[in-house]
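Coordinates in review
Here is what each chain is made of, one letter per residue.
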Amino acid sequence: MKGAGSRHVSSKLLKTKALLNNKRLIPHIPRTKRFNRKTLQRMLRRYRMVYLKPVHGLKGIGIMKAEKRGKKWELRHETKADLFKDVPALYRSIRRRIRKKAYLVQKGIRTLRYQGRPFDFRIMVQKNEQREWEVTGIVGRVAPPNRIVTNRSQGGTCMPARKVLRPSMKKSEIGPYVDHLYRLSRRIGRQFRKSYPNVWQLGVDIAVSRKLKPWILEVNTSPAVTPFLMLSNRSMYRRIARLVQWNRSRNAK
Ligand SMILES: Nc1ncnc2c1ncn2[C@@H]1O[C@H](COP(=O)(O)OP(=O)(O)O)[C@@H](O)[C@H]1O
Ligand SMILES: [Mg+2]
């Protein structure tokens, strides 16, 4: 199935568009444009640090980060970093790497760190037996040293969400903050379904800025359960697996 009736949506641009229909989500969505010479120039002027991602990408593959460094421009990809004298030179280098592949350019978020390494969250939301969106799991994902992505397939480490937040806030603030992320994730679920009514689960990637603002990096319509298997406590995993089974049997009828 393709289009609005499908259960899997791969275009990061279309998925962002679906969420932008909700006024309360807009402040949490980093500006995202299809990559070209003009949008790169504009976005760099505005934000000075941007992420470049394949429109149909996954697992952190092909992701780059461009940032102003003194008078020069730096391009990071995997563990490498190159410097360019101006934006046109930077653009040419990005083009050589991506060729004709569709990319997007997104405002870069300066995220919280854990032991000096950037992290974000993977939050699982699923439709439950009451046909409501339920948050069934949250895991912190910490980037390996010298990497710009937190994906497990790129060497990222999964950790309990409360643990990665601990250095950034008081103990008493963690519970309410996680609740806030849960409410945001359920809202994402409800909004997403307005455009894609057959979707019943989402893996939401949320980064937190140094001012503690949550930013939605992307939503996955075919989220893996493996990050939740990395936690020693299996209760989230069990609930996720339960609802996968429940929704599959319901859809099969
Ligand atoms: N705008 C951004 N600002 C900061 N980090 C980002 C941004 N976009 C992506 N990242 C980092 O790259 C990782 C992968 O990006 P994501 O959009 O989730 O693509 P993928 O589908 O490859 O997982 C994120 O988990 C995060 O660590
Ligand atoms: Mg992701």
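Not measured: the values here are computed from a predicted model.

**Brief notes about helix α3 (residues 87–98)**
- For α3, which comprises twelve residues, the first-to-last C-alpha distance of 16 Å matches the rise-based estimate of 16 Å (1.5 Å per residue) to within 8%.
- Here α3 has its buried residues at L90, Y91 and I94. Down the axis of α3, the buried side of the element spans an arc of 100°, and every buried residue falls inside it. Turned more than 90 degrees away from the buried face of α3 sit R92 and R96, all of them exposed.
- As for α3, its buried residues are in contact with α2 (37–47), β2 (49–54), β3 (64–69), β4 (72–77) and β5 (80–84).
- Looking one or two residues beyond α3, the residue adopting positive phi is R99, at roughly 50°.

**Points about the nonpolar core**
- The biggest cluster of nonpolar side chains holds 58 residues, and the ones touching the most others in it are L52, A66, I123, V125, I188, F192 and V204.
- Looking at which domains feed residues into this core, each of domain 1 (3–29 + 111–252) and domain 2 (32–107) supplies at least three.

**Re the site of ligand 1**
- Not every one of the 21 residues close to ligand 1 is listed here, only the nearest: Y51, I109, V149, T150 and E218.
- Secondary-structure elements contributing two or more residues to the shell around ligand 1 are β2, β6 (103–107), β11 (201–208) and β12 (214–220).
- Among the domains, domain 1 (3–29 + 111–252) and domain 2 (32–107) are the pair contributing at least three residues each to the shell around ligand 1.

Criteria and thresholds
Residues numbered from 1 in each chain as written. Chains lettered and ligands numbered in written order. Predicted model: local features only at pLDDT ≥ 70, side-chain atom pairs only at ≥ 80, totals over all residues. Helix = DSSP H or I, 4+ residues; strand = E, 2+ residues; numbered from the N terminus. Expected span 1.5 Å × (residues − 1). Buried ≥ 20, exposed ≤ 12 C-beta atoms within 10 Å, placed from the backbone. Arc of directions from axis to C-beta. Contact = placed C-beta atoms within 7 Å. Core = buried A, V, L, I, M, F, W, Y, C linked by C-beta atoms within 7 Å. Domains from an automatic or database assignment. Near = placed C-beta within 6 Å.

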